[in-house]
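Structural overview
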Amino acid sequence: MALIHHTTLKPTKLELLTDWLPTRPWYRGGPDAPVLEKSGGFRLDDPEGEVGIEFMVATDRKGLERTAYLIPLTYRAAPLEGAEHALIGTAEHGVLGKRWAYDGCHDPVLVTELLSLIEGSAPAMAQSITDTPDHEVTRSHTGAPFGLDGFAPEPTDDRNGTRLPVPGGVLHVHRVLIPVDENPPAPRQGALGHVATGWQGPDGTRPRAVLMTLLDA
């Protein structure tokens, strides 16, 4: 069970992301830095209790168009070996001390638990409340359970998001979220699995979208 500490983080997550987002090929904001707000998301539990796992929806309020980004994050008490390229930054946590924040698509703990969520063996948890399921998150999976022995994530980023080869398919992480009318959002035809949820929009609205789509390789 992930214990949510309501304390300080310096710099904040949004401050770390403000510098990091413009370096991503899927960032839509051009050369200017984003103006970010946290709009929603959910967490997963690390069974070992060592790694914080968060899927944050961060909205760029700059300009006329609001763009919602999906940012999978992991938080660690020490550097993740071999993942220097995936480091978003470090911050000082008011309770836990120094934390290393990573793009979670490169972290095997996050990817393993995400696949467990997709296949239905791990629940989505509330982003800011300890030990509370997030029932708005929906998922689906067809086919055999994922075989993860020896699996190591090797994601690639492009303008369309992140492609993550996984056992039995390719997981498309939709970094720029496109709201849909369906509630709950449905996966595209032919998908082997998906994860979807909603987030806080302007003027009390609640946009919803598919966050990840599992397709045949």
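In this numbering scheme, every chain counts its residues from 1 along its sequence in written order. A pLDDT threshold of at least 70 governs which residues receive local features in this predicted model, and a stricter bar of 80 or more applies before side-chain atom pairs are shown or counted, although totals over entire chains, interfaces and linings include all residues. As a convention, hydrogens and water are excluded, and side-chain values are obtained from all of the structure's heavy atoms.

We call a set of buried Ala, Val, Leu, Ile, Met, Phe, Trp, Tyr and Cys residues a nonpolar core when their side-chain atoms join them within 4.5 Å. Throughout, exposure labels follow a simple rule: accessible area from a 1.4 Å probe, protein chains only, divided by the maximum for the residue type, with under 20% read as buried, over 50% as exposed, and the rest as partly exposed. Phe42, Phe55, Leu114, Leu171, Leu177, Val195 and Met212 are the most contacted members of the largest nonpolar core, which totals 29 residues. Starting at the N terminus, helices and strands are each numbered in turn, a helix being any DSSP run of H or I of at least four residues and a strand any DSSP run of E of at least two. By residue number, the principal contributor to this core is helix H2 (residues 108-119), which donates six residues. It only takes one pair of heavy atoms within 4.5 Å for two residues to be counted as in contact. Here valine 195 is in contact with Phe42, Leu114, Leu117, Ile118, Val137, Thr138, Arg139, Val210, Leu211 and Met212, once residues within four sequence places are set aside. Ranked by size, the runner-up nonpolar core spans 17 residues in total, among them Trp20, Leu36, Ile71 and Ala91.

For the rest of this paragraph, the subject is the layout of surface pockets. Definitions used for this entry: grid spacing 1 Å over protein atoms alone; cavity, a set of points where a 1.4 Å probe fits but cannot get out; pocket, an open set with protein on both sides within 12 Å along at least 5 of 7 lines; lining residue, one with an atom within 4 Å of a point. Grid points are joined across faces, edges and corners, and a volume is the space filled by probe spheres set on the points. Within this model, the second largest pocket holds a volume of roughly 280 Å³. No other element matches strand S13 (residues 208-215), which puts four residues into the lining of the second largest pocket. Note that Gly is not counted as nonpolar here; it falls among the polar residues with everything else outside the nonpolar set of Ala, Val, Leu, Ile, Met, Phe, Trp, Tyr, Cys and Pro and the charged set of Asp, Glu, Lys and Arg. Here the residues of the lining of the second largest pocket sort into nine nonpolar, four polar and three charged.

All right, on to the pairing of S13 then. For S13, a buried count of seven out of eight residues is recorded, marking the element as mostly surrounded by other parts of the structure. Where strand S11 (residues 169-173) lies against S13, four bridges are found, and the strand directions are antiparallel. Its bridge partner lying in S13, valine 173 is registered against methionine 212. Pairing between strands is defined by DSSP: at least two bridges between the two strands are required.

This next bit is on the pattern of salt bridges. What counts as a salt bridge is simple: a side-chain nitrogen of Lys or Arg found within 4 Å of a carboxyl oxygen of Asp or Glu. Scanning the model with the defined rule gives ten salt bridges in all. A salt bridge links aspartate 157 to arginine 24; the nearest nitrogen and oxygen atoms lie 3.8 Å apart. Of this pair, aspartate 157 sits in strand S9 (residues 156-158) while arginine 24 sits in the loop between helix H1 (13-20) and strand S2 (36-44), placing them 133 residues apart in sequence. Notably, a salt bridge pairs glutamate 54 with arginine 43, separated by 3.7 Å at the nearest N-O pair. Residue glutamate 54 is located in strand S3 (residues 52-60), and its partner arginine 43 is located in strand S2; the two are separated by eleven residues in the primary sequence.

Topologically, histidine 194 is positioned in strand S12 (residues 193-198). For histidine 194, a relative accessible area of 5% corresponds to the buried category. Definition of a polar contact: a pair of N or O atoms within 3.5 Å, with one able to donate and the other able to accept a hydrogen when the atoms are protein atoms, and with sequence-neighbouring residues admitted only if both atoms are side-chain atoms. At 2.6 Å, the side chain of histidine 194 forms a polar contact with the side chain of serine 140. Discounting residues that sit within four places of it in the chain, histidine 194 has contacts with Ile118, Thr138, Arg139, Ser140, Pro185, Pro187, Val210, Met212 and Thr213.

Under the convention used throughout, the expected extent of a helix is 1.5 Å for every residue step, that is, one less than its residue count. When the terminal C-alpha atoms of H2 are compared, their 17 Å separation across twelve residues agrees well with the 16 Å that a helix rising 1.5 Å per residue should span. For H2, the full list of buried residues reads Leu110, Val111, Glu113, Leu114, Leu115, Ser116, Leu117 and Ile118. Regarding H2, its N-cap is aspartate 107, as a side-chain oxygen of that residue lies 3.0 Å from the backbone nitrogen of valine 109 further along. Just downstream of H2 lies glycine 120, where phi reads positive at about 95 degrees.

For the rest of this paragraph, the subject is the side chain of threonine 74. Relative to the elements of secondary structure, threonine 74 occurs in strand S4 (residues 67-76). Residue classification places threonine 74 among the buried residues on the basis of a relative accessible area of 0%. A distance of 2.8 Å separates polar atoms of two side chains, one belonging to threonine 74 and the other to aspartate 107. Here threonine 74 is in contact with Val51, Gly52, Ile53, Trp100, Ala101, Tyr102, Gly104, Asp107 and Leu110, once residues within four sequence places are set aside.

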